Amino acid sequence: VVLADADTHGGAIAPALGLLDEAPGFAAACRLAGTGGLNHTELERVGQRYRSAHGSFWVLTGISRPSRWPELAVERAQATIEQCRSFAEFTVIDTGFSLENDEEISSDLFAPRRNAATVTALLAADQVFAVGSADPVGLPRLLRGHVDLLDTVDAERVHVVMNRVRSSVVGPNPGSQVRRALERFGGIVTSSIVPHDPSGLDAALLAGKTLRDTAAKSPARSAIAALVSERILPPIAVPHRARRLPFARGQQPQSSS
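A short tour of the structure in this document, coming up. Throughout, a residue's number is its position along its own chain's written sequence, starting from 1. Predicted model: local features are reported for residues with pLDDT of at least 70 only, side-chain atom pairs are reported and counted for 80 or more only, and whole-chain, interface and lining totals are derived from all residues. As a convention, hydrogens and water are excluded, and side-chain values are obtained from all of the structure's heavy atoms.

## Considering the layout of surface pockets
Here is the rule: Put plainly, a pocket is an open set of points on a 1 Å grid over the protein atoms alone with protein on both sides within 12 Å along at least five of seven lines, a cavity is a set where a 1.4 Å probe fits but cannot get out, and a lining residue has an atom within 4 Å of a point. Grid points are joined across faces, edges and corners, and a volume is the space filled by probe spheres set on the points. Counting from the N terminus, the helices are DSSP H or I runs at least four residues long and the strands are E runs at least two residues long. Polar here means any residue other than Ala, Val, Leu, Ile, Met, Phe, Trp, Tyr, Cys and Pro, which are nonpolar, and Asp, Glu, Lys and Arg, which are charged; Gly is therefore polar.
Estimates place the volume of the second largest pocket at around 220 Å³. When residues of the lining of the second largest pocket are assigned to their parent elements, the largest contribution, four residues, is made by helix α5 (residues 116-124). Of the residues assigned to the lining of the second largest pocket, the class counts are five nonpolar, four polar and four charged.

Below, the structure written as structure tokens:
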């Protein structure tokens, strides 16, 4: 697995996982891609390895300052994503929130775009998870952003995930209420609910580790694990068990397949 931070407005993966961010890995990979020097060996060099007893993965950290966004140009981001795809079985890309075009330079086809890395990642993705906060501020933002998102990618590839779902700001039975609001105001009939777990999430941030490493029984982690199993991982093949046939005493048992 490769986890890449392509957010040009503020990378958050490195501090969340307790990784040193002296040289942003995704930007370094993009620079190498721009010169044709990016390969699997270079990905390992510029990437960092998050190690855990539950499973390790590669991390390409995000830019440390938003002003460095021109380094993540379209062609560079495309080449980096393609290298990640051939390097790892799964590539997960954290993008920015904005899909806006830079209108003041829209007449210049070769000018860099602030949100180019985000749009490039969305266009290349097999699946897109649109994550919103389940509260009176986050839900309208998600609904407005969802309209713009469907102008960029096919609806079949988009799955909505509502985060931090809690009754204190939504009311009783918050999951059902959030789903009804998504369907009524956005026509979104399929969504995933991640319950709010401040103690588990705070423990993960404090330790600089994943939620699985610090709070394996967290309800938020369970919801995320179910989402991954349902939407990302291939189905597990159930082994065929031979059916035993009845046999008389003194006979050898037989099985049919």
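## What about the pairing of strand β7 (residues 191-195)?
The side chains of a regular strand alternate between both faces of the sheet. Under the convention used in this document: Three labels apply to residues, based on accessible area from a 1.4 Å probe with only protein chains included: buried if under 20% of the type maximum, exposed if over 50%, partly exposed otherwise in between. A pair of strands is treated as paired once DSSP finds two or more bridges between them.
Judged by how many residues are buried, β7 sits mostly within the fold: four of five residues are covered. Bridge count for strand β6 (residues 158-165) against β7 is four bridges, and the pairing is parallel. For Val165, the partnering residue across the bridge sits in β7 and is Pro195.

## Digging into the packing of helix α6 (residues 138-150) against helix α8 (residues 174-186)
Put simply, the rule is: Lines fitted to the C-alpha atoms define the axes, with helices restricted to the stretch that makes contact. Angles between their N-to-C directions range from 0 to 180 degrees. Orientation is classified from the angle alone, with under 35 degrees giving roughly parallel, over 145 giving roughly antiparallel, 65 to 115 giving roughly perpendicular, and any other angle giving oblique. The sense of a crossing depends on the near helix, which, turned anticlockwise from the far helix by less than a right angle, makes the crossing left-handed and, turned clockwise, makes it right-handed. Two residues form a contact once any of their heavy atoms are found within 4.5 Å.
Running from N to C, α6 and α8 point in directions that differ by 40°, and their axes come no closer than 11 Å. Classed by the angle they form, the pair α6 and α8 counts as oblique. As α6 runs across α8, the sense of the crossing is right-handed. Touching Leu139, Leu142 and Leu143 of α6 are Ala181, Leu182, Phe185 and Gly186, all from α8. By residue class, the composition of the contact of α6 with α8 is six nonpolar, one polar and no charged.

## Let's talk about the sheet that holds strand β1 (residues 2-5)
Pairing within the open sheet is mixed, and its four strands lie in the order β2-β3-β1-β4. With partners counted over all chains shown, the strands left at the sheet margins are β2 (48-50) and β4 (91-94), one partner each. The average angle at which neighbouring strand axes cross in this sheet is 25°, direction not considered. Summarising the sheet, β2 and strand β3 (residues 57-60) pair through three bridges and their orientation is antiparallel. Within the sheet, the bridge partner assigned to Gln48 lies in β3 and is Val59. Where helix α4 (residues 74-87) meets the sheet, its contacts fall on β1, β3 and β4, and the angle it forms with β4 comes to roughly 145°.

## Quick notes on the packing of helix α2 (residues 25-34) against α4
Put simply, α2 and α4 touch, their axes get as near as 8 Å, and they point 105° apart. In this view, α2 runs roughly perpendicular relative to α4, as classed from their interaxial angle. Along its contact with α2, which presents Phe26, Ala29, Cys30, Arg31, Ala33 and Gly34, the element α4 presents Arg76, Ala77, Ala79 and Thr80. Residues that form the contact of α2 with α4 fall into these classes: six nonpolar, two polar and two charged.

Treat this as a map of the structure, not an account of what it does.
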